[in-house]
Amino acid sequence: MMAHDQDRILISGAGPVGLICALRLAMADIPVTLFEADATPPADLRASTFHPPTLDMLDGLDLAEPLIALGLKSPTWQIRLHETHEKAEFDLGVISGDTRHPYRLQCEQSKLCALIRARMAQLPQIDYLPGWRVTAARQSDNAVEVAAQGPEEMLNFHGRYLIGTDGAHSIVRNAMGLDFKGQTYPETTILATTSFDFSAFLPGLSNVNYIWAAHGTFSLLRLPDLWRCSLYPLAGETIEDAIKPAAIQAKMQLIVTRSEDYPLGDMRPYRVHQRIVETYQKGRMLLAGDAAHLNSPSGGMGMNGGIHDAFLLTDLLVKAWHRNDVAMLDPYSSTRRPI
C-alpha cells in the first residue's frame, strides 16, 4: 500500500461508478487508490439495466462486448394493461442511427464490476483496497487526506483529489458539508426474483415491462437466468404483512395463476428516494453516482447516470492533473447536475 504517496487520486467506493473512475484514470497513467468497505465484492441484485449511450461509452473501454455476452439484449420495452394484454411498445431500433447499441442490456451490475476488477489487476497505477472503509476526509488548497479503517489498522492517505462514489450514505459528501435534499416516496417496493418464465404465459411480453392491473401496478424485468419483479402492497395491506413470503407468493399468483408456488430467490423491500446535492464539487473533493443523486429505479437511470458522471469527471480530472489546475473541474457540476 502507498499510504503516504500524495501524488495520486483517492476514490471512496468501488461500485461501478468508482471502478470506472479508477480504470479511466489509470488508463491515463494517473495513480489511484481505490477504497472499498466490503472485503468481498457484493453479488446481490442491484442495478440491472444498461442503456445505449452507456454501452457506447463502455465500448471505448473494450467492456461493452464482454458485458453484452453476459447479459440479455432487449430491443423493446413496454407499458402494458395486464388483464387485456394491450401494450404500448417502445422500439429502440429507431435510434440505430445514433448509437452502436440500439437496445437495453439486461445484466447485473456485479458482472460489470467483475470485468473491471479483472482489468484493474493488470494496471499497476491502481492500488485497490477492499475491506478499507473511508471514515473521514478533509482538504487543503493543495491536497486531500482521508482516514480509512482497514481489517487491522487505521491509516491516513493523501492525494491531490478525492472522488466520493460511496453511495447514498456518502462519507465524502458529509465531509464536503453538503445537504442531500429531496424526498422519500411514500410507497415501499418489494423486489422478488424468480426463475419462472412469464413470457410463456403473457402474450407478446418484452424483456422490460411496466404493467397496470386491477389490483395495482408491478414491473417484470428479465435477466439471463431470472425475472426481476417489482411488487407493491395490496390495498389495506401493511408493509409488515406485504413482505412475508406467503404474501409475496400471493402477489405473484395475481400475475400468472399457478397450481404450485413460485420458485423465489431474492426477496426484499426498499424505499425510493429523490435527492440531489447542491453541487458535485467543493475544491478538491468531488461526488459521482448515488453519492450525488438518487432517483426512482424505474427506467434504470441511477447507475447509468452515475457512469456518465464518471466519464465526464475523469475527462476533466486528466486535464486538471496534467495542468495542475483545479479550475479545469469547473464544468463538471454545472454540466452533470442539470441532467
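Asker: If you had to explain the overall build of the chain to someone new, which residues and values would you point to?
Answerer: Within the chain, the regular secondary structure consists of nine helices and 20 strands. Within the span of the chain, comprising 339 residues, buried residues form 50% of the whole. Total accessible area on the chain is roughly 15200 Å²; 52% of this is exposed by carbon and sulfur atoms. Averaging the coordinates of the 30 positive side-chain charges in the chain and doing the same for the 38 negative ones gives two points 2 Å apart.

Asker: Please set out the packing of aromatic side chains residue by residue, giving values where relevant.
Answerer: As enumerated under the stated definition, the model contains 10 aromatic pairs in all. Here the aromatic rings of phenylalanine 198 and tryptophan 227 are separated by 5.7 Å at their centres, their planes lie at 85 degrees, and the arrangement is edge-to-face. Here the residue phenylalanine 198 occupies a position in the loop between β13 (181-194) and β14 (208-213), and tryptophan 227 occupies one in strand β16 (residues 227-231), the gap between them amounting to 29 residues. Exposure class is identical for phenylalanine 198 and tryptophan 227. Each is buried. An aromatic cluster of at least three residues, connected via ring pairs, comprises Phe196, Phe198, Phe201, Trp227 and Tyr262. When the ring centre of tryptophan 321 is taken as origin, the NZ or CZ atom of arginine 160, which lies over that ring, is 3.6 Å away.

Asker: So what about the pairing of strand β15 (residues 216-222)? Which residues, and what values?
Answerer: With six bridges connecting them, β14 and β15 associate as antiparallel partners. Bridging from a neighbouring strand, valine 208 pairs with leucine 221 of β15. The loop that links β14 with its antiparallel partner β15 comprises two residues. Two elements, β15 and β16, share four bridges in a ladder whose sense is antiparallel. Within the sheet, the bridge partner assigned to leucine 221 lies in β16 and is arginine 228. Hairpin connection, β15 to β16: the antiparallel pair is bridged by four residues.

Asker: Could you give an account of the packing of helix α1 (residues 16-27) against helix α4 (residues 109-120), with specific residues and numbers?
Answerer: One can describe the packing of α1 onto α4 by two numbers: an axis separation of 10 Å at closest approach and a directional angle of 25 degrees. Overall, the two elements α1 and α4 adopt an arrangement that is roughly parallel. For the pair α1 and α4, the crossing hand works out as left-handed. Along its contact with α1, which presents Pro16, Leu19, Ile20, Ala22 and Leu23, the element α4 presents Gln109, Leu112, Cys113, Ile116, Arg117, Arg119 and Met120.

Asker: Pulling in residues and values, what's your account of the packing of α1 against helix α8 (residues 301-323)?
Answerer: It is at 9 Å that the axes of α1 and α8 come closest, and there the two elements cross at 25 degrees. Of the possible angle classes, the one that applies to α1 and α8 is roughly parallel. Of the two elements, α1 crosses α8, and the hand of that crossing is right-handed. Residue-level inspection shows Pro16, Val17, Ile20, Cys21, Arg24 and Leu25 of α1 in contact with α8, the latter providing Met303, Gly306, Ile307, Ala310, Phe311, Thr314, Asp315, Leu317 and Val318. By residue class, the composition of the contact of α1 with α8 is 11 nonpolar, two polar and two charged.

Asker: Break down the pattern of salt bridges for me, with residues and values.
Answerer: Scanning all chains against the criterion turns up 11 salt bridges. Arginine 100 is the partner of aspartate 59 in a salt bridge, and the nearest nitrogen-oxygen pair spans 3.1 Å. Of the two residues, aspartate 59 is situated in helix α2 (residues 52-59) and arginine 100 in the loop between β6 (87-91) and β7 (104-106); the sequence distance between them amounts to 41 residues. Judged by its relative accessible area of 53%, arginine 100 is exposed. The shortest N-O distance in the salt bridge between arginine 222 and aspartate 197 comes to 3.7 Å. Taken together, the residues arginine 222 in strand β15 and aspartate 197 in the loop between β13 and β14 connect sequence positions 25 residues apart.

Asker: Run through α1, naming residues and quoting values.
Answerer: Counted at 1.5 Å a residue, the expected span for α1 with its 12 residues is 16 Å, and the 16 Å between its end C-alpha atoms agrees. Counting buried positions over the 12 residues of α1 gives 11, a clear majority of the element. For α1, the full list of buried residues reads Pro16, Val17, Gly18, Leu19, Ile20, Cys21, Ala22, Leu23, Arg24, Leu25 and Ala26. With its phi angle positive at about 65 degrees, aspartate 29 sits one or two positions after the end of α1.

Basis of the calculations
The numbering scheme is per chain: residues are counted from 1 as the chain's sequence reads. Per-residue local features are limited, in this predicted model, to residues with pLDDT of at least 70; the limit for side-chain atom pairs, both in listing and counting, is 80 or more; totals at the level of whole chains, interfaces and linings are taken over all residues. Computation of side-chain values covers all heavy atoms of the structure but excludes hydrogens and water. Each helix corresponds to a stretch of at least 4 residues labelled H or I by DSSP, and each strand to a stretch of at least 2 residues labelled E; elements are numbered beginning at the N terminus. Whether a residue is buried, partly exposed or exposed follows from its accessible area with a 1.4 Å probe, protein chains only, as a fraction of its type maximum: under 20%, in between, or over 50%, in that order. Accessible surface area values rest on a Shrake-Rupley calculation with a 1.4 Å probe, where residue burial reflects the displayed protein chains alone. In this charge count, Lys and Arg are treated as positive and Asp and Glu as negative; neither His nor the chain ends contribute. All charge positions are set by atom: Lys at NZ, Arg at CZ, Asp at CG, Glu at CD. Each aromatic pair joins two rings of Phe, Tyr and Trp (for Trp, the six-membered one) with centres within 6.5 Å, and gets the label stacked for planes under 30 degrees apart, edge-to-face for over 60, and tilted for any other angle. As a reminder, the over-ring test applies to NZ of lysine and CZ of arginine, requiring each to be within 6 Å of the ring centre and within 35 degrees of the ring normal. In this analysis, strands are considered paired if DSSP registers two or more bridges between them. Whenever a helix is involved, its axis is fitted only over the stretch in contact; in every case the axis is a line through C-alpha atoms, and angles between N-to-C directions fall within 0 to 180 degrees. Roughly parallel covers angles under 35 degrees, roughly antiparallel covers those over 145, roughly perpendicular covers 65 to 115, and oblique covers all other angles. Note on convention: near helix rotated counterclockwise from far helix by under a right angle means a left-handed crossing. Clockwise means right-handed. Here, residues are in contact when the closest pair of their heavy atoms is within 4.5 Å. Charged residues are taken to be Asp, Glu, Lys and Arg, nonpolar residues to be Ala, Val, Leu, Ile, Met, Phe, Trp, Tyr, Cys and Pro, and polar residues to be all remaining types, Gly included. Any Lys or Arg side-chain nitrogen located within 4 Å of an Asp or Glu carboxyl oxygen qualifies as a salt bridge. Expected span, for any helix, means 1.5 Å times one less than how many residues it has.

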